[in-house]
Amino acid sequence: MASQHGLSIEDAEDAEPEEVDALFYSAHRALLLARGYTVLRSCLPSSLVASLAESIQRELASGCGVSCGAESGAASSSSIDLTIPSSWPKGRRVVETVPPGHGVDSGAWIELASSQKLTRALDCILGQGKWTLPLNPSASVRDEAIARGDFVRHWYCPVVFPEGSHRASTTTTTTTTKGEATQRKRKHEDRDEETQAPSSPSSSWTERELTALRNAVASNLSWEKVAKAVGGTRTAAECKAKYAVATPWTEQEEASLSQLIASMGGVTVAATAPARIACEFQRNSRRPKKQVMARVRELASAAAEASATSEKPSSPATSWTAVNRRNRPHQGWHIDIGPGFDPQHARVATGHEFQGVVVLVLLSDWEPGGGGTAVVVGSHKWVHDRLVAAGDVGIAHDELSTWAQARVAAAIHSGSLAYHRDAIVDESNAVERIEQITGRAGDVAILHPLAVHSGTTNHSVNVPRLMANGMVRIQTNSFVKDGHPLLPRMIAADGACETDDASVEFERSVLASARGGSASALRLTSPDELLPSVSVILPVHNAAKWLDECLGSLLAQTHRGPIELSAYDDGSTDASGEMLRIWACRLRDANISVVLSGGTGTAYGCGGAKNAAIRQSSGSILVFLDADDVMAPDRIAASVAALAKHPRALVGCAWQRMPTHATAHYSQWANHLSAEAMLAERFRETTVQMPTWTLRRDVFDATGPFETELGEDHEWLLRHLGSRGTCASAVLKYDAVMGNVEDIDVFGNPAAVALARINDAASPLMLYRWRAESESGKTSRRRLMEIKAAAIERDVLTKIPFCNGFTIWGAGRDARALFAALSPRGRGKVRAMIDIDPRKFQGRDYANHTIEAPNSCPVVAPGDERAKPPCLVAVAIRRGSECAEGGSLEERVARAFHGKGGDVLYLC
């Protein structure tokens, strides 16, 4: 096949050896950039393919696979033999394994990562020496990491089992397991529940009640209000059930539902995802969801039976379709995340070192229709355009992947995107197309990191599809210096490429100082005892690979007063303890005292480790530092100067992410908060980030130790601010020449500053490393909301103006979680929830019957007489729907409340 760039892979394969790199691999790189994927044919020897397949078989035989079908996420407890169809799972289509890359199978996986043809291709695509292909750990290390919840899988192997008759896959299967039978029985019982009146003494309805029911429903009242209108002892559930059975389906409803089914994917979607159609239908109907789902299934079944008697059987090659792990059509489209990347963190147009290219190793023959991966050709280009439009803020990975799935589904339904199931590709066809990767065992497909792709139906006969899926990483040093080889370095406002020289230079200079710069010579003289003594609080857990840079930056500090390192080894299982002891000698030689403890093998968590390090320290000032972060030489000096000006404050500083462009949105928010926003948004996040904290010991003691649960830093910050009563905040600027700070933005009384940040993003004082497995990323939403709700009740609802009642902006997930987390006393102060979505505020109250009364409140639109401050905003500030019309969330809230920002607090 000739590429759009005029290079022919066939010509390259026939070239002389010295021309291979210039033609063959350059052609593959051109195809990757043009269409989003390319396939290296006969890349791996058959012996290696067999060894890799055997490693998957060993995992399946030991019951280590994870089901991704009807019982998604459940471990497969039974043994599976790929050669015995009777052992294959029933009722689910995909089983994933994560074979260890070290141990019994280490030879095969090492050979894969270093295979000649694959290595040459990656050298051409990403640059020689600029990439790495990590392997999974040994089985024991893997299992321990899974138990801790911090396992990062670099390779996983999904096995796609055949679905039998591909015609049957769109209706029902002929084999019924006990679990399936139970599930079907429950579905029928659910349906009966919705179509029969409750069998209770009061189930007989009078004509008056029926008339009141119909009138109330016609008035679009909530079911709770419908029950009140009917009167007597009727409940909302009884009214809902009676309305379903007493109101026959009209011809107009039948026609609307049939039209909706056709527009959302037809019979296949109706059979596999009736809930989606029911939810959409309910936008304009009061029919209960279960009743609509039952009718959708009936229509789908009737259509499928009619199709089965009238259509000729089609072949797998001409009938395959993209599906997700639960076999739902058109819902499996996604963008690969990259091992170790947090799905909540932003992806940006310049890429990330964890996302080099996707590698799919074919470990069985992939015939057309046999379960091969489907790719939307050219999708990487419009995904990249979307990220360019988002700018430095970027888009959270989950949000980006969901957007891509919706775009593909809409394009399929509109006809602008078509499945290409023919053997010949029409390059001139203007319609976007979906191609299925096919090939032989030993082929390797390489996908662009932004390519949108999906699994597909496996309509082969008794042939499981085997694959190994991995992601190539860009070497950190290479990424910092040159960026992503397939993506521009930086996107300016006008779309031109530019280099972020200031960020790169700051990282280089800080790391140079940490690795033995000239600043360390300052510590060879005796410290000035007249200056404040500082204790650097360092909790350590499996941080051996970062301690050289971290502690090197301590050695490079310009603060001339006494410095003490107080480190607590919180059950590390790597070489952290030994490295701390080695560094203790070096630091003491530089007149930095050291106190070490811990290392007992038991991990108490970040909060407990910090408490232990504080207890054993002696300095009058506490400087917090995470073991994977790196301080600029002036960090401690600037922090001590800030405390001289604001002695009762918790002081933080501006920071730069490492890698540079990770979590761009979060970095932008945290480093540019005004003094007022640092207090107004304190419930959203820690507006001054923990690894940058500095405060006096007596201030810490007055607030008390950290909690030992996750989220301890946010809980402590809120407790600190709450204990101060009326407090102020400030943004400071450090003058390195004069050695002092000045206030550049103060909110409140300068004498009562309780929270301060030194500098902004233009002058950071820390390299703040981003890691997917960090503790902050493990804190659950429920735990965070519990922390916020407790602080709000303690410090906000007891004071004017909130003590007299308040509103909650939003009626979505976070607003409902806040309402539930409040005590009954706190919920009683909620006047209303405010939302811009008419579906949420038109004549309905929000009610949560799982919590103690009061458990409901009205939902109103902005402009309603009840929609007034004070207000807790429980909507994410960067949510796109808030910016679609009427400006940003902050602008909308300001207009609704006539600019009364002091009476508004942001939670999300």
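From a predicted model like this one, the values you see are computed outputs, not experimental measurements.

**Points about the overall build of the chain**
- A count of helices and strands for the chain gives 33 helices and 33 strands.
- Buried residues in the chain amount to 53% of all 908 residues.
- Within the chain, residue pairs in contact and separated by at least 24 positions form 77% of the contacts whose partners lie at least 6 positions apart.
- Just so you have it, the chain exposes about 39,000 Å², and 51% of that area is on carbon and sulfur atoms.

**Details of the sheet that holds strand β9 (residues 374–376)**
- Here 5 strands make up an open sheet; going across it, the order is β6-β14-β9-β12-β11 and the pairing mixed. Each edge of the sheet is formed by a strand with only one pairing partner; in this case those strands are β6 (322–323) and β11 (417–419).
- Here β6 runs beside strand β14 (residues 453–456); their pairing, made up of 2 bridges, is antiparallel. Across the sheet, the residue bridging to Val323 is Gly455, located in β14.
- Where helix α17 (residues 397–414) meets the sheet, it contacts β9, β11 and β12 (432–436), and its direction lies at approximately 80° from that of β11.

**Some thoughts on the nonpolar core**
- Formed by 109 residues in total, the largest nonpolar core has its most connected members in Leu538 and Leu554.
- Leu40, Leu44, Cys157 and Val159 belong to the second-largest nonpolar core, a separate cluster that totals 44 residues.

**What to know about the pairing of strand β28 (residues 806–809)**
- Burial of the side chains of β28 extends over both faces: Phe806 and Ile808 are buried on one face and Thr807 and Trp809 on the other.
- Bridge count between β28 and strand β29 (residues 830–834): 4 bridges; the pairing is parallel. The partner of Thr807 across the bridge, within β29, is Ala832.

**Let's talk about empty space enclosed by the protein**
- Within the structure shown, the criterion is met by 2 cavities of 30 Å³ or more.
- If you add up the space inside the largest cavity, you get close to 50 Å³.
- When the residues that make up the lining of the largest cavity are grouped by side-chain class, the tally is 5 nonpolar, 4 polar and 1 charged.

**Regarding the confidence of the model for the chain**
- Within the chain, residue pLDDT values average 80, and 81% of them lie at 70 or more.
- Element-level pLDDT for the chain is lowest in helix α7 (residues 178–195), with a mean of 39, against a maximum mean of 98 in strand β19 (residues 621–624).

**Quick word on the environment of Arg440**
- Following the sequence through the fold, Arg440 ends up in the loop between β12 and β13 (444–447).
- Classification of Arg440 as partly exposed rests on a relative accessible area of 45%.
- Residues Arg440 and Arg41, spaced 399 residues apart in sequence, show a C-alpha to C-alpha distance of 7.8 Å.
- Setting aside residues no more than four positions away along its own chain, Arg440 makes contact with Leu362, Ser364, Asp365 and Glu367.

**So, helix α23 (residues 635–645)**
- The buried count for α23 comes to 9 of 11 residues, which makes it a mostly enclosed element.
- Those residues of α23 lying buried are Arg635, Ile636, Ala637, Ala638, Ser639, Val640, Ala641, Ala642 and Leu643.

**A closer look at the packing of aromatic side chains**
- Taken as a whole, this structure holds 21 aromatic pairs when the rule is applied.
- Ring geometry for Phe819 and Tyr846: centres 5.8 Å apart, planes at 80°, overall edge-to-face. With Phe819 in helix α29 (residues 813–821) and Tyr846 in strand β30 (residues 845–847), this pair connects stretches of sequence that are 27 residues apart. Like Phe819, the residue Tyr846 is buried in the burial classification.
- A connected cluster of aromatic rings, assembled from ring pairs, spans Phe624, Trp693, Phe700, Phe706 and Trp716.

**Structural notes on the side chain of Ser617**
- By the secondary structure assignment, Ser617 is in the loop between α22 (606–615) and β19.
- Its relative accessible area of 9% is what places Ser617 among the buried residues.
- Side-chain polar atoms of Ser617 contact the backbone oxygen of Ile614, separated by 2.7 Å.
- Once residues lying within four places of it in the same chain are set aside, the contact partners of Ser617 are Ser535, Ile537, Glu564, Ser566, Leu622 and Arg697.

**Regarding unusual backbone geometry**
- The linkage connecting Ile800 with the following residue, Pro801, adopts the cis geometry, with an omega of 5°.
- For the bond from Pro869 to Pro870, the omega torsion is 5°, close enough to zero to count as cis.
- For Pro870, the position within the fold is in the loop between β31 (856–860) and β32 (871–873).
- A positive phi is found at Asn759, a non-glycine position, where the angle reads about 70°.
- The exposure class assigned to Asn759 is buried, which follows from its relative accessible area of 6%.

**Observations regarding the packing of helix α8 (residues 207–218) against helix α10 (residues 236–246)**
- Closest axis-to-axis distance for the α8/α10 pair is 11 Å, and the angle between their directions is 95°. One way to sum up the angle between α8 and α10 is to call them roughly perpendicular. Judged by residue contacts, Leu210, Leu213, Arg214 and Val217 of α8 engage Cys239, Lys242, Tyr243 and Ala246 from α10.
- Taken together, the residues of the contact of α8 with α10 sort by class into 6 nonpolar, no polar and 2 charged.

**Concerning helix α9 (residues 223–230)**
- Every buried residue of α9 is listed here: Trp223, Val226, Ala227 and Val230. The buried residues of α9 occupy an angular sector of 100° when projected down its axis, which confines them to one face.
- Immediately beyond the C-terminal end of α9, within one or two residues, lies Gly231, with a positive phi of roughly 85°.

**Topic: the sheet that holds strand β22 (residues 656–658)**
- Pairing is mixed in the open sheet, where 3 strands are placed in the order β20-β27-β22. This sheet does not close on itself; its edge strands, each paired only once, are β20 (630–631) and β22.
- Relative to strand β27 (residues 766–769), β22 runs parallel, the two being bridged by 3 bridges. Bridged to Met658 within β27 is Arg769.

**Re the pairing of β19**
- Burial along β19 is two-sided: Ile621 and Val623 facing one way and Leu622 and Phe624 facing the other are all buried.
- In this sheet, β19 lies alongside strand β16 (residues 534–540) in parallel orientation, the contact comprising 4 bridges. Bridge pairing in β19 places Ile537 opposite Phe624.
- Of the pairings in the sheet, the one linking β19 to strand β23 (residues 694–696) comprises 3 bridges and is antiparallel in character. Bridge pairing in β23 places Val623 opposite Thr694.

Conventions and cut-offs
- Residues numbered from 1 in each chain as written.
- Predicted model: local features only at pLDDT ≥ 70, side-chain atom pairs only at ≥ 80, totals over all residues.
- Heavy atoms only, no water.
- Helix = DSSP H or I, 4+ residues; strand = E, 2+ residues; numbered from the N terminus.
- Buried < 20%, exposed > 50% of the residue type's maximum accessible area, 1.4 Å probe, protein only.
- Contact = heavy atoms within 4.5 Å.
- Areas by Shrake-Rupley, 256 points an atom, 1.4 Å probe, with all protein chains shown as cover.
- Pairing = 2+ DSSP bridges.
- Axes fitted to C-alpha atoms, helices over the stretch in contact; angles between N-to-C directions.
- Core = buried A, V, L, I, M, F, W, Y, C linked by side-chain atoms within 4.5 Å.
- 1 Å grid on protein atoms, 1.4 Å probe; cavity = no way out; pocket = protein on both sides within 12 Å on 5 of 7 lines; lining within 4 Å.
- Points joined across faces, edges and corners; volume = space filled by probe spheres on them.
- Nonpolar A, V, L, I, M, F, W, Y, C, P; charged D, E, K, R; others polar.
- pLDDT = per-residue confidence, 0-100.
- Phe/Tyr/Trp six-rings, centres within 6.5 Å; stacked < 30°, edge-to-face > 60°.
- Polar contact = N/O pair within 3.5 Å; in protein donor to acceptor, adjacent residues only side chain to side chain.
- Parallel < 35°, antiparallel > 145°, perpendicular 65-115°, else oblique.
- Arc of directions from axis to C-beta.

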